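Structural overview
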Amino acid sequence: HIIQTFLSEEVSEEVQIQGRTARQGKRGSYQMILLETDLEADFGIKATEKEQLPKGQWYGWLCKIRVEHQKEQCLVIEENLKDATEKDTLTHDYFDSLLAGNKAKSEEQFKNLYQLIKKPPVPSSVHIDLALVIDVTGSMAPYAQSAVSTIQSL
């Protein structure tokens, strides 16, 4: 039995997970259990939205939301590609003017390229990993190095 605890962004991933249920000719079973908080964080779904639908329609509704999410992701990728193409074009123009020995044009193109590149997008959120280990009595001292190694690997 397989329990999937997240809504896959790709249907193909979900199908692959379902395929893990049956092995060596034996029929398997599959179940999806989702946290409303995960759906809100990953797909912007409010906890109260599903209550407006009959339970039998929840999966189809989630699939529609997944498709919309994919469309939004595609728009972001297309915008990033547009920005990268603009930077690439400016970079090529700059190097072409350098190779041609055109100092004035090179300086102008360098300034344009610098202005474009120096403006990184401002993140909408920041993720911080924080680990805190306290051993007041000192009884865990033999394991201290292991704890430090584990924290450093995070």
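Residues numbered from 1 in each chain as written. Predicted model: local features only at pLDDT ≥ 70, side-chain atom pairs only at ≥ 80, totals over all residues. Heavy atoms only, no water.

1. Structural notes on the overall build of the chain
In terms of helices and strands, the chain carries five helices and two strands. N-terminal to C-terminal, the α/β element order of the chain is β-α-β-α-α-α-α. Out of the 154 residues in the chain, the part that is buried amounts to 14%. For the chain, the proportion of contacts with a sequence separation of at least 24, taken over those separated by at least 6, is 47%. For the chain, the computed accessible surface area is about 12,600 Å², with 58% contributed by carbon and sulfur atoms. (Helix = DSSP H or I, 4+ residues; strand = E, 2+ residues; numbered from the N terminus. Buried < 20%, exposed > 50% of the residue type's maximum accessible area, 1.4 Å probe, protein only. Contact = heavy atoms within 4.5 Å. Areas by Shrake-Rupley, 256 points an atom, 1.4 Å probe, with all protein chains shown as cover.)

2. Let's talk about the packing of helix α2 (residues 36–43) against helix α3 (residues 58–99)
Between α2 and α3, the shortest axis-to-axis distance is 11 Å and the interhelical angle comes to 25°. Judged by the angle between their axes, α2 and α3 are roughly parallel. Along the contact surface, α2 presents Leu-39, Asp-42 and Phe-43, while α3 presents Leu-62, Ile-65, Arg-66 and His-69. Of the residues assigned to the contact of α2 with α3, the class counts are four nonpolar, one polar and two charged. (Axes fitted to C-alpha atoms, helices over the stretch in contact; angles between N-to-C directions. Parallel < 35°, antiparallel > 145°, perpendicular 65-115°, else oblique. Nonpolar A, V, L, I, M, F, W, Y, C, P; charged D, E, K, R; others polar.)

3. Focus: helix α4 (residues 103–117)
Counted at 1.5 Å a residue, the expected span for α4 with its 15 residues is 21 Å, and the 21 Å between its end C-alpha atoms agrees. Among all positions in α4, only Ser-106, Gln-109 and Leu-113 are buried. Buried residues of α4, seen end-on, are gathered within an arc of 70° and therefore sit on one face of the element. Those residues of α4 that are exposed and aimed more than 90 degrees away from the buried face are Ala-104 and Lys-111. If you follow the buried residues of α4, they end up packed against α3. (Expected span 1.5 Å × (residues − 1). Arc of directions from axis to C-beta.)

4. Notes on the confidence of the model for the chain
Residue-level pLDDT values for the chain average 85, and 89% of them are 70 or greater. Across the chain, the element-wise mean pLDDT spans from 73 in helix α5 (residues 144–153) up to 92 in α3. (pLDDT = per-residue confidence, 0-100.)

5. Quick look at α3
For α3, with 42 residues, the first-to-last C-alpha span of 61 Å sits near the 62 Å given by 1.5 Å per residue. Buried residues belonging to α3 abut α1 (11–19), α2 and α4.

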